[in-house]
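# Fold and geometry: a report
Given next are the chains, with one letter for each unit.
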4 protein chains.
Amino acid sequence: MLEVIVRSTHLDVLGHVNNAKYVEYLEWGRCDELEKLGFDLWGMIKQGIGFAVVNLDINFRREAFVGDILEVETIYREIRGGKLGILDQEIRQKSDGEVVCDARVKFLVFDLKQHKSIPIPEEMLRLLPGNDKE
Amino acid sequence: MLEVIVRSTHLDVLGHVNNAKYVEYLEWGRCDELEKLGFDLWGMIKQGIGFAVVNLDINFRREAFVGDILEVETIYREIRGGKLGILDQEIRQKSDGEVVCDARVKFLVFDLKQHKSIPIPEEMLRLLPGNDKE
Amino acid sequence: MLEVIVRSTHLDVLGHVNNAKYVEYLEWGRCDELEKLGFDLWGMIKQGIGFAVVNLDINFRREAFVGDILEVETIYREIRGGKLGILDQEIRQKSDGEVVCDARVKFLVFDLKQHKSIPIPEEMLRLLPGNDKE
Amino acid sequence: MLEVIVRSTHLDVLGHVNNAKYVEYLEWGRCDELEKLGFDLWGMIKQGIGFAVVNLDINFRREAFVGDILEVETIYREIRGGKLGILDQEIRQKSDGEVVCDARVKFLVFDLKQHKSIPIPEEMLRLLPGNDKE
């Protein structure tokens, strides 16, 4: 669970958090959860391997405003064929648990130099739940 | 069709356009298309009425890099029950038409002060295709 | 003092916090400090009165990286002629106090509808140090 | 001269372009001008050498709004001691030439792996005006 405080520059001209900002919050949540699972994400990136989101299906359920304290929950669900990762995310108000947005995210791991997807590294497979290789 | 040039600050640490930036490009495309259809979006916002995306289902198909010239196509498809708008968007490389990402977007129109959705204004219904009131 | 954690989307293609992101951190620090001084910034904005930075002189002294915990210190210094506010800001690494960047900021208060500067409101003058009306 | 169109997500809650966004526009202008001078900026970055702004002194003179077409002018002025670059930038409304903001920027070139500044490369010195080595 990652806590995020809504800041002034996260708002758009309508006075609430812009939908693209939630997509950033979700990325922060995915990075944070991987680290909490014990995976060295930034070490992997330095070796030229990164994550790529291939599909994002996101529901925007409520507005959020400056000063709101949000909680981003990320649950790695499943890995298909050793390559495609699937996870669920939810952003809630810390104060009352109200769901602000939720999303299903599909991702690949890819080689940053060759610009093509590769199998999810063994080290990550061991840490993520729903690994169909087990 | 809106043309967007990828700028340095649209890139993330992986060296390509960040997924949240595409979500911004899509918003730019929706605003641009409404204006081209003859709708005074910013006039509406000044009167306290705005758009809210309620669902965004986006496929990220290819990477894009600094200097790329992208075309954002937005097609307003349908309005359900006078309230829920549905549209499709595609971002392509201008050079060769390669699809970088595509998305289906569902939106409501809402009252910015009361923070609740309202019927899509008549002026907008007249301009958008797929209006089931016709 | 506002604590800020560097997130993935704050980085640019060079792998460190982009200089425009520090400018956002500084804005967050100014808002936070005003609230801590007891000023209702967001109430003021709802009444159609906002802050406008007129000059920003910022030194970028060190790089910052993802996961770094930064502290943004904001000191309101002086108000000139009842209109021009001057403040100093410093962003430091929480771990060792190393200065990442520092800035002097000059601001006006302005009427959001008339788009022109107005005298700094009495309520704010009472709360800010360095008020030359005292 | 780089042309920039103000987009919806460049606005903040006050309805005008946020000050941090101008700092991004300035970066876009610097990159664009280097390319127009014939310098392969992105090739340099791939070789592990980047630019670092060390001081930015920026005046925000007028508001800008969605749809505004802005021109970013960048003039490389001087290089001191083979290491410190100095340049001036101005952002103007294309329609009437009104200055929206102007800035003086000081930069170093640095080694992205060693995280320390290096002399400005010969290839860049030849292209930039105000080189005190000449």
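Only a predicted model underlies this, so the values are computations on that prediction, with no experimental measurement involved.

The next thing to look at is the overall build of chain A. The helix and strand tally for chain A stands at three helices and six strands. Its helices and strands taken in sequence order, chain A reads β-α-α-β-β-β-β-β-α from the N to the C terminus. Computed over its C-alpha atoms, the radius of gyration of chain A comes to 16 Å, within 12% of the 14 Å expected for a compact globule of 134 residues. Counting only C-alpha atoms and orienting by the principal axes, one finds that chain A spans roughly 45 × 30 × 25 Å. Within chain A, counting contacts between residues at least 6 apart in sequence, those at least 24 apart form 64% of the total.

If you rotate chain C by 180 degrees and push it 0.0 Å along the axis, it lands on chain D with an RMSD of 0.0 Å. Such a turn and shift between the copies fits a two-fold axis. In terms of proximity to the rotation axis, the leading residue of chain C is Asp57(C), whose C-alpha is 2.1 Å off the axis. A shared interface surface links the copies, since 100% of the contact residues of chain C are contact residues in chain D too.

Contacts between chain C and chain D engage 22 residues on the former and 22 residues on the latter. Of all the elements in the fold, those that place two or more residues in the side of chain C that touches chain D are helix H1 (19–36) and strand S2 (49–60) of chain C. Here the side of chain C that touches chain D gets ten residues from one element, more than from any other, and that element is S2(C). Considering only residue class, the side of chain C that touches chain D consists of twelve nonpolar, six polar and four charged. Here S2(C) pairs with strand S2 (residues 49–60) of chain D via five bridges, running antiparallel. Note that in S2(D) the partner of Leu56(C) across the bridge is Ile58(D).

Another aspect to go through is the confidence of the model for chain A. All names here are of chain A. On average, residues of chain A carry a pLDDT of 94, and 96% of them reach 70 or more. Across chain A, the secondary-structure element scoring lowest on mean pLDDT is helix H3 (residues 122–127), at 87, and the one scoring highest is strand S1 (residues 2–5), at 98. We note a pTM of 0.96 for the whole complex and an ipTM of 0.94 for its interfaces.

At a minimum axis separation of 8 Å, H1(C) and helix H1 (residues 19–36) of chain D run at an interaxial angle of 170 degrees. With respect to their mutual orientation, H1(C) and H1(D) come out roughly antiparallel. Facing H1(C), whose interface residues are Asn19(C), Ala20(C), Val23(C), Glu24(C) and Glu27(C), H1(D) presents Asn19(D), Ala20(D), Val23(D), Glu24(D) and Glu27(D).

Attention now moves to the interface of chain A and chain B. Listed as interface residues are 22 residues of chain A and, on the opposing side, 22 residues of chain B. Put simply, the parts of the chain that give the side of chain A that touches chain B at least two residues each are helix H1 (19–36) and strand S2 (49–60) of chain A. When residues of the side of chain A that touches chain B are assigned to their parent elements, the largest contribution, ten residues, is made by S2(A). Within the side of chain A that touches chain B, the residues separate by chemical class into twelve nonpolar, six polar and four charged.

In this section: H1(D). All names here are of chain D. When the terminal C-alpha atoms of H1 are compared, their 26 Å separation across 18 residues agrees well with the 26 Å that a helix rising 1.5 Å per residue should span. With 15 of its 18 residues buried, H1 lies for the most part within the structure. With its phi angle positive at about 100 degrees, Gly38 sits one or two positions after the end of H1.

Further remarks concern the relation of the copies chain A and chain B. Turning one copy of the chain about an axis and sliding it along that axis gives the other copy, so a rotation and a shift relate them. Relative to chain B, chain A is turned by 180 degrees and slid 0.0 Å along the rotation axis, the superposed coordinates differing by an RMSD of 0.0 Å. Looking at chain A, 100% of its interface residues are interface residues in chain B too, so the copies touch through the same face.

Moving on, we get to the pairing of strand S5 (residues 99–111) of chain B. Residue and element names in this part refer to chain B. Summarising the sheet, strand S2 (residues 49–60) and S5 pair through eleven bridges and their orientation is antiparallel. The residue bridging Phe60 from the neighbouring strand is Cys101, located in S5. Where strand S4 (residues 84–93) meets S5, eight bridges bridge the pair, whose relative direction is antiparallel. Bridge pairing in S5 places Glu90 opposite Asp102. What sits between the antiparallel neighbours S4 and S5 is a turn of five residues, in which Gly97 has the positive phi angle 80 degrees. Direction of pairing for S5 relative to strand S6 (residues 116–118): antiparallel, over a ladder of three bridges. Paired with Asp111 across the two strands is Lys116, which belongs to S6.

Turning our attention to the environment of Phe107(A). Residue and element names in this part refer to chain A. Tracing the backbone shows Phe107 in strand S5 (residues 99–111). Separated by 13 residues in sequence, Phe107 and Ile120 have C-alpha atoms that sit 10 Å apart. Excluding anything up to four places from it in sequence, Phe107 contacts Phe51, Ala52, Val53, Val54 and Gly85.

Calculation rules
- Residues numbered from 1 in each chain as written.
- Chains lettered and ligands numbered in written order.
- Predicted model: local features only at pLDDT ≥ 70, side-chain atom pairs only at ≥ 80, totals over all residues.
- Helix = DSSP H or I, 4+ residues; strand = E, 2+ residues; numbered from the N terminus.
- Rg over C-alpha atoms; globule rule 2.2 N^0.38 Å.
- Contact = placed C-beta atoms within 7 Å.
- Least-squares fit on C-alpha atoms with pLDDT ≥ 70 in both.
- Nonpolar A, V, L, I, M, F, W, Y, C, P; charged D, E, K, R; others polar.
- Pairing = 2+ DSSP bridges.
- pLDDT = per-residue confidence, 0-100.
- Axes fitted to C-alpha atoms, helices over the stretch in contact; angles between N-to-C directions.
- Parallel < 35°, antiparallel > 145°, perpendicular 65-115°, else oblique.
- Expected span 1.5 Å × (residues − 1).
- Buried ≥ 20, exposed ≤ 12 C-beta atoms within 10 Å, placed from the backbone.

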